[in-house]
Structures are given as C-alpha cells and as structure tokens.
Amino acid sequence: MAPATVLCIGMAGSGKTTFMQRLNSHLHSKKTPPYVINLDPAVLKVPFGANIDIRDSVKYKKVMEEYNLGPNGAIVTSLNLFSTKIDQVIKLVEKRSDKFENVIIDTPGQIECFIWSASGAIITEAFASTFPTVIAYIVDTPRNSSPTTFISNMLYACSILYKTKLPMIIVFNKTDVKKADFAKEWMQDFESFQSALREDQELNGEDGMSSGYMSSLVNSMSLMLEEFYSNLDVVGCSAFSGEGFDEFLDAVDNKVEEYNEYYKAERERILKQKEEDEKKRKAKSLNSLMKDLDIKDQNRKSGQDSEVLSDYEEDEEEDEYQGEVLRDEDETDREYTFPEDRNSEVSENTDADLQARYQAAFDATAKTASSKTAENIAEYIKR
C-alpha cells in the first residue's frame, strides 16, 4: 500500500516547522516513523531529521548572490532548481515506501512562493500522481480570533484547495494558547459568525460607513464559504503540547480514503482523457500525412511529377513561364534537371549546331536590344 503524503502548508509564523517536529516525534512514538522531506531552502536549522533536504541540493545564499535575487526570488529559484530533479526524489521515496506509512513534507514559510509558483505545482503534482496526498493547512489560532482575519485565512485555504485539487485538513495550531472551539463554531454556525463580527466592529470603534462595508463584504464571503466548510476536516492541535495529533492522524486516514475514492478516480479520468486526446491528435496527423502521400502518389502516377525545365519547347503557348514543360510519354518518373547540369546533356548525339544556334540567337538579341525592349520587360514584370 502506498504511504500517505502530508503536505504541510501555512502562513509564515503559523508553526509549520514545529508542527512537523511534533508530528514526526508522535509517529516515532507509535513505532511508525515517517519519511521526512524539507522543502524550505532558507531555514537555518530544522528541529527534525530529514531524509531529503533541499538544502543539500541547492545553496540558498549562493542562489541569491549568483542571480542577484532577494529572499523570495531566491526561494522560488531554489524550488525551480530542485523541481528539475523531482523524478529522482519520487524514485527515492518509492524505494523506501514499503518501510513507512507516511511521508511528511515541510514547505517554505512564504506560502505564495510554493503554492503559486510553477515549481510548487510540479512538486505537488508529482507526489499526488504517485501517492495519496493530503494538504494540511496550518492556521495560527490566536491570530485568527478576529472574524476578518479568520475569513481572509479561510479564503486563502479555499484558493489552495481549488489550486491543488487535493483533500484538505484545516489544522488550528497553538491550541495551548487559545482553543479552536470559536473557529469551529464560526464554520458551522453563520449567525454565530455574524454576531462575532458585529462585536469586533464595535470593539474597534469603526464608523458606520466602514462597518457597513466590511460587514457586508465579510458576510457575503462567509456565505460563499459554507460549501467549502462542508467538505473539510477541521482539527485543533498544539505543536507545543502534542494535543490533538491522534485526531489529526485519523483525519489523514479519512482524507486518504477520500483521495482513493474521488480524487484518484478523477485524476485517472483526466489522464485517460489526455491520453485519448493525444491518440486522436496523432491519428489525425497520420491520416493527414497519408492523405498527402496518396495525393502525391496519384500525381506521380498521372505524370504530374515528371515535369522538367527545358531550354526550348515546341509549344509556343507556354512562353510566359520561365521554363517550358517537356513530357516523356514513355517515362513517368523523371528527375528534375538543374540548370548547371544542362551542359551534360550535350553530347555527340546532340544536334551538332545546337550550341551554335544558341550563341547566334544570343548575339542577335544582344545587338537588337534597346531601351524600348528594357521598358517593355519592366512593364511586363510590373503586371
């Protein structure tokens, strides 16, 4: 059975790395050590042992110096460089897949550098197409006690869900500081959220205009997110105390089943559709090619390809062409003769005075050529 892959994503300061450390130690305590991957190139020190560390492949500071980049640009570039070897990473994980049940992946704190970059999409798709993959969206619970901050975080989570198209677990971290009951209630009861929003606006002393605008905007967004909430698993955890990690692992198992039942089937359908479209495209190209070859073959059989340029032609009706057509009734396959090869056609069997006639015609034309002739030629070319 393929190991479940947990991709830890969250805003800067939400406690992803500490969450990874606690999850790693929790799984070790259950005698099921995970395969750990660190994808944050800018971190100075990780508090857990990583089986694969992006810092071993890409030097973040050297990337900044060599490409003259800032912190975020260097993170994106480091991920781009690492993603070129993602096939090797997947092979390494597959080789060890029979020895562990979970793969846990830590991502950069600058969430947009991973989620909205091409390299982040490549890495996510590589794991999702090989292993049952779950997104763990880490939320800083104390910082989301404000309804407006909470709804902004949920909108970001919603955008990640539709970007990755993978099962998602909302993890309210730092519950040792503030319990996540209020957030779960807001997600389940719209009226409770409205009440909290009004209290927050009164507490901040906002005037009537801003209060009306904000309440209308936030209420409409919360209504839109009701469907989003219904498909989520919500867990409260404390990376500091270890509270709630059994519940989190149960949620992961639940999402793996959901992945196998819905997401995997959908992915296979999309891949199959792409394969069928590619086959149709190739068949169409092949049919067009065969059709073109058939037309050329018919033309060859009808003698249309047996045309060669000649220096003279008995039929004077085709003088407007630069070269006339000489057809051989007996030979249907004739090769094109280039002008420089014409001299080789003259042999002892050729008419003895052919060259002399050419020279005489040329001399006569040169002597009788006038400016009027040149003007006629220019006028003819213009037409």
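Please read all numbers here as calculations on a predicted model, not as lab measurements.

On to the packing of helix α3 (residues 60–67) against helix α4 (residues 71–83), then. At a minimum axis distance of 9 Å, the contact between α3 and α4 shows a crossing angle of 110°. Of the possible angle classes, the one that applies to α3 and α4 is roughly perpendicular. Residues Tyr60, Val63, Met64 and Tyr67 of α3 lie in contact with α4, whose contacting residues are Pro71, Ala74, Ile75, Thr77, Ser78 and Leu81. Considering only residue class, the contact of α3 with α4 consists of eight nonpolar, two polar and no charged.

Strand order in the open sheet formed by seven strands is β3-β2-β4-β1-β5-β6-β7, and the pairing between neighbours is parallel. In the strand order of this sheet, the two ends are held by β3 (52–53) and β7 (233–236), each with one partner. With six bridges joining them, strand β5 (residues 133–140) and strand β6 (residues 168–173) adopt parallel strand pairing. By the bridge assignment for β6, tyrosine 137 is matched with isoleucine 170.

For the pair helix α8 (residues 147–164) and helix α9 (residues 181–188), interaxial distance at closest approach is 12 Å and the crossing angle is 70°. Relative to α9, the element α8 is oriented roughly perpendicular. Crossing hand, α8 versus α9: right-handed. On α9, the residues that touch Pro147, Phe150 and Met154 of α8 are Ala183, Trp186 and Met187. Taken together, the residues of the contact of α8 with α9 break down into six nonpolar, no polar and no charged.

Attention now goes to the pairing of β6. The two faces of the sheet receive side chains in turn, since in a regular strand these alternate between them. Across the six residues of β6, six count as buried, placing the element largely inside the fold. Alternating residues of β6 divide into Met168, Ile170 and Phe172 and Ile169, Val171 and Asn173, and every residue in both groups is buried. On the question of chirality, the crossover connecting β5 to the parallel β6 by way of α8 is right-handed. In this sheet, β7 lies alongside β6 in parallel orientation, the contact comprising four bridges. From the neighbouring strand, phenylalanine 172 faces β7, where its bridge partner is glycine 236.

Below, the discussion takes up the pairing of strand β1 (residues 4–10). Among the seven residues that make up β1, seven are buried, leaving the element largely enclosed by the rest of the structure. Taking every second residue as pointing to the same face, both faces of β1 are buried, with Ala4, Val6, Cys8 and Gly10 on one and Thr5, Leu7 and Ile9 on the other. Here β1 runs beside strand β4 (residues 102–106); their pairing, made up of five bridges, is parallel. Each residue of the ladder has a partner; that of threonine 5, found in β4, is valine 103. In terms of strand pairing, β1 meets β5 through six bridges, oriented parallel. Paired with leucine 7 across the strands is isoleucine 135, a residue of β5.

Another aspect to go through is the confidence of the model for the chain. Residues with a pLDDT of 70 or more make up 74% of the chain, whose mean pLDDT is 80. Predicted confidence for residues 304–349 stays below pLDDT 50, and this span has 47 contacts to residues more than four positions away or in other chains.

Quick look at the side chain of glutamate 258 now. On the secondary structure map, glutamate 258 appears in helix α13 (residues 245–302). A polar contact is formed between the side chain of glutamate 258 and the side chain of lysine 255, at a distance of 3.0 Å. Residues within four places of glutamate 258 in sequence aside, it is in contact with Pro167 and Tyr263.

Time to look at the environment of threonine 164. For threonine 164, the position within the fold is in helix α8. Residue classification places threonine 164 among the buried residues on the basis of a relative accessible area of 6%. Along the chain, threonine 164 and valine 134 lie 30 residues apart, while their C-alpha atoms are 9.9 Å from each other. Not counting residues within four places of it along the chain, the set of residues in contact with threonine 164 comprises Ile115, Thr124, Glu125, Ile135 and Arg267.

Quick notes on the rules
- Residues numbered from 1 in each chain as written.
- Predicted model: local features only at pLDDT ≥ 70, side-chain atom pairs only at ≥ 80, totals over all residues.
- Heavy atoms only, no water.
- Axes fitted to C-alpha atoms, helices over the stretch in contact; angles between N-to-C directions.
- Helix = DSSP H or I, 4+ residues; strand = E, 2+ residues; numbered from the N terminus.
- Parallel < 35°, antiparallel > 145°, perpendicular 65-115°, else oblique.
- Contact = heavy atoms within 4.5 Å.
- Nonpolar A, V, L, I, M, F, W, Y, C, P; charged D, E, K, R; others polar.
- Pairing = 2+ DSSP bridges.
- Left-handed = near helix turned anticlockwise from the far one by under 90°.
- Buried < 20%, exposed > 50% of the residue type's maximum accessible area, 1.4 Å probe, protein only.
- Right-handed = clockwise from strand over helix to strand, strands pointing away.
- pLDDT = per-residue confidence, 0-100.
- Polar contact = N/O pair within 3.5 Å; in protein donor to acceptor, adjacent residues only side chain to side chain.

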